[in-house]
Amino acid sequence: MGREFYILGMTAHQIVRMGAPVLGRRADEILDPASEEIAALAADMADSMAAAGGVGLAAPQIGVPKRIIVFKVPGERATAAANDGPLELQILINPEIEPLSGEMELGWEGCLSIPGLKGEVPRYRKIAYRGVDLQGEKVLRQAEGFHARVVQHEVDHLDGILYPERMTDMRRFGYGEELLQAAVDASPEDFRGDGK
């Protein structure tokens, strides 16, 4: 896409949904993170995320196959983990993730590209991530809890992976309202996890 796509102004774009080819491919590296084009793209992504009520968004989700994510950690989503405090809007370009241990934890996830559905997804509990910001400066952070989960979820988008592909038990995938009602109606035996 040409530069004119980005300079049209900061606007919320329609979120691309599961099934679109752009969501199933590896996004392209960004060669000039400090360019006006990328700054405008980041602004459009932030607007799109806010308009959709999300906490994270990857460029492919608005149809742009570039390696950039935006995310935040709202206070109500932060946990007591050391590197999981509330964060205002973050922009990360060409991100890379490194697990800090093999410890995984299950957590519920939704996705703006898969509206209405939720699933229980295993993610690394502690990660380090690196990339660059809009000024081209290096970013290196450690993250745990929700912070780690949202970064892993968004970086997966850059690699053409949607969260259902990470799930280990598809019985824990469905529409949010139905999953909530099933949890209310269930007895403890229903959660044995042995499929019986």
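To be clear, the structure that these remarks concern was listed above.
Residues numbered from 1 in each chain as written. Predicted model: local features only at pLDDT ≥ 70, side-chain atom pairs only at ≥ 80, totals over all residues. Heavy atoms only, no water.

Engineer: Give me the lowdown on the sheet that holds strand S7 (residues 138-144), citing residues and values where you can.
Structural biologist: Read across the sheet, five strands follow the order S1-S2-S3-S6-S7 without closing on themselves; strand pairing throughout is antiparallel. Since the sheet does not close on itself, it has two edges, and those belong to strand S1 (56-58) and S7, each with one partner. Across the sheet, the mean angle separating the axes of adjacent strands is 40° when strand polarity is ignored. Relative to strand S2 (residues 68-73), S1 runs antiparallel, the two being bridged by three bridges. Looking at S2, one finds that Ala 58 is bridged to Ile 69. Packing against the sheet, helix H2 (residues 36-52) makes contact with S1, S2 and strand S3 (87-99), and its axis sits at approximately 45° to S2. (Pairing = 2+ DSSP bridges. Helix = DSSP H or I, 4+ residues; strand = E, 2+ residues; numbered from the N terminus. Axes fitted to C-alpha atoms, helices over the stretch in contact; angles between N-to-C directions. Contact = heavy atoms within 4.5 Å.)

Engineer: Please provide a residue-by-residue account of the nonpolar core, values included.
Structural biologist: Ranked by size, the top nonpolar core spans 17 residues in total, and within it Ile 69, Phe 71, Ile 127, Tyr 129, Val 150 and Val 151 carry the most contacts. Those elements that provide at least two residues to this core are S2, strand S6 (126-132), S7 and helix H3 (145-158). The element best represented in this core is H3, accounting for six residues. Those residues in contact with Ile 127, other than ones at most four positions away along the chain, are Ile 97, Glu 98, Pro 99, Leu 100, Arg 141, Gln 142, Ala 143, Ala 148, Val 151 and Gln 152. (Core = buried A, V, L, I, M, F, W, Y, C linked by side-chain atoms within 4.5 Å. Buried < 20%, exposed > 50% of the residue type's maximum accessible area, 1.4 Å probe, protein only.)

That's the geometry; what it means functionally is another story.
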